[in-house]
Amino acid sequence: CASPSNIEARQTRARPETIVGHMTLNELALKYGTDKSSDGHGYTLEAYERYLAPYRDRPIVFWEIGVLTGASIRMWREFLPNARVAGLDNDPGCLRRSLGDVYIGDQSDPTFLASVIAATGAPDVVVDDGGHNGLKQIACFRKLFPRTNPGGMYVVEDTHTFYEHAH
């Protein structure tokens, strides 16, 4: 994803037009109240709309690490109607939010990740918006990236937090 300064500078661009019968990803992000929208980090305008468009109607396995309230899980499910969207989080409270496929565990635990792969299949797309902990995200990347299906995508959000938490 683009850095926060690049996102702010580019948000003045025209919004992508709604595809007939579909809302844009940013419209869905605003609908569900995720911080990925133009009202938050701007990732839906800056990167996701463009890079995830080819996956929109494909039957893929999509993982989001870091579920929180479930807003983005709902957004992904509507944007990717033929995908199996799974959320991974370390907070058991996510299960009480009726989000469907949510797996509870530590993203840096290879056994946990293997169990999710066994349940969902290997991911085509991974969005890591988890604990914003560089060591955990690197451990997760090392385990998952080689298991991501060919032609897939692996995204790590909010890498600026590595610097914020380093002091």
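As shown above, the structure is provided for reference.
The written sequence of each chain sets the order in which its residues are numbered from 1. Side-chain atom pairs in this predicted model are given and counted only at pLDDT of 80 or more, local residue features only at pLDDT of at least 70, and totals for whole chains, interfaces and linings cover all residues. Side-chain descriptors were evaluated using all non-hydrogen atoms of the structure, hydrogens and water having been removed beforehand.

**A closer look at the packing of helix α2 (residues 25-32) against helix α4 (residues 71-79)**
Item 1. Put simply, α2 and α4 touch, their axes get as near as 9 Å, and they point 140° apart. Here α2 and α4 pass one another in a crossing that is right-handed. Between α2 and α4, the residues in contact are Leu25, Leu28, Ala29, Lys31 and Tyr32 and Ala71, Arg74, Met75, Trp76, Glu78 and Phe79, respectively.
Item 2. Polar here means any residue outside two lists: the nonpolar Ala, Val, Leu, Ile, Met, Phe, Trp, Tyr, Cys and Pro, and the charged Asp, Glu, Lys and Arg; Gly therefore counts as polar. The residue makeup of the contact of α2 with α4, split by class, is 8 nonpolar, no polar and 3 charged. Lines fitted to C-alpha atoms define the axes here, with helix axes fitted over just the stretch in contact, and angles between the N-to-C directions of these axes take values from 0 to 180 degrees. Secondary structure elements are taken from DSSP: a helix is a run of H or I of four residues or more, a strand is a run of E of two residues or more, and numbering for both begins at the N terminus. Definitions for this section: a left-handed crossing has its near helix turned counterclockwise from the far helix by less than a right angle. A right-handed crossing has that turn clockwise. Any two residues having at least one pair of non-hydrogen atoms within 4.5 Å are treated as being in contact.

**Quick look at the packing of aromatic side chains**
Item 1. Centres within 6.5 Å are what make two rings of Phe, Tyr or Trp a pair, Trp counting through its six-membered ring; a difference in plane orientation under 30 degrees is then read as stacked, over 60 as edge-to-face, and the rest as tilted. For the coordinates displayed, the defined rule picks out 5 aromatic pairs.
Item 2. An angle of 45° between the planes, with centres 4.7 Å apart, marks the rings of phenylalanine 62 and tryptophan 76 as tilted. Of this pair, phenylalanine 62 sits in strand β1 (residues 61-65) while tryptophan 76 is found in helix α4, placing the two residues 14 residues apart along the sequence.
Item 3. Burial here depends on accessible area, computed with a 1.4 Å probe over protein chains only, as a share of the maximum for the residue type. Under 20% is buried, over 50% is exposed, and the range in between is partly exposed. Taking the relative accessible area as the measure of exposure, tryptophan 76 reaches 0% and is therefore buried.
Item 4. Seen from their ring centres, phenylalanine 141 and phenylalanine 145 are 4.8 Å apart, and the 15° between their planes marks the pair as stacked.
Item 5. Relative accessible area serves as the criterion here: at 34%, phenylalanine 141 is assigned to the partly exposed category.
Item 6. Members of the aromatic cluster, joined through ring pairs, are Tyr48, Phe62 and Trp76.

**Focus: the nonpolar core**
Item 1. Buried Ala, Val, Leu, Ile, Met, Phe, Trp, Tyr and Cys residues that are joined via side-chain atoms within 4.5 Å together make up what is termed a nonpolar core. Among the nonpolar cores identified, the biggest contains 24 residues, and Tyr48, Leu52, Phe62, Trp76, Leu80 and Val125 are the most heavily contacted of them.
Item 2. Mapped by element, the contributors of at least two residues to this core are α2, α3 (43-52), α4, β4 (125-128) and β5 (153-156).
Item 3. The dominant element in this core, judged by the number of residues it contributes, is α4, at 4 residues.
Item 4. Membership of the second largest hydrophobic core comes to 14 residues, among which are Ile65, Leu88, Val116 and Tyr154.

**Focus on unusual backbone geometry**
Item 1. Backbone geometry places leucine 68, a non-glycine residue, at a positive phi of 50°.
Item 2. Note that leucine 68 resides in the loop between β1 and α4.
Item 3. By relative accessible area, which is 64% here, leucine 68 ends up exposed.

**A look at the sheet that holds strand β2 (residues 84-89)**
Across a sheet, paired strands are connected by hydrogen bonds in the backbone, their directions being either parallel or antiparallel.
Item 1. Pairing in this open sheet of 5 strands is parallel, and the strands run β3-β2-β1-β4-β5 from one edge to the other. Strands at the two margins of the open sheet, each flanked by one partner only, are β3 (102-104) and β5. Neighbour-to-neighbour, the strand axes of the sheet open up by a mean angle of 15°, direction not taken into account.
Item 2. At least two bridges found by DSSP between two strands is the condition for calling them paired. Bridge count between β2 and β3: 3 bridges; the pairing is parallel. Each residue of the ladder has a partner; that of aspartate 89, found in β3, is isoleucine 104.
Item 3. Contacting β1, β2 and β3, helix α5 (residues 110-120) runs over the sheet at an angle of about 160° to β2.

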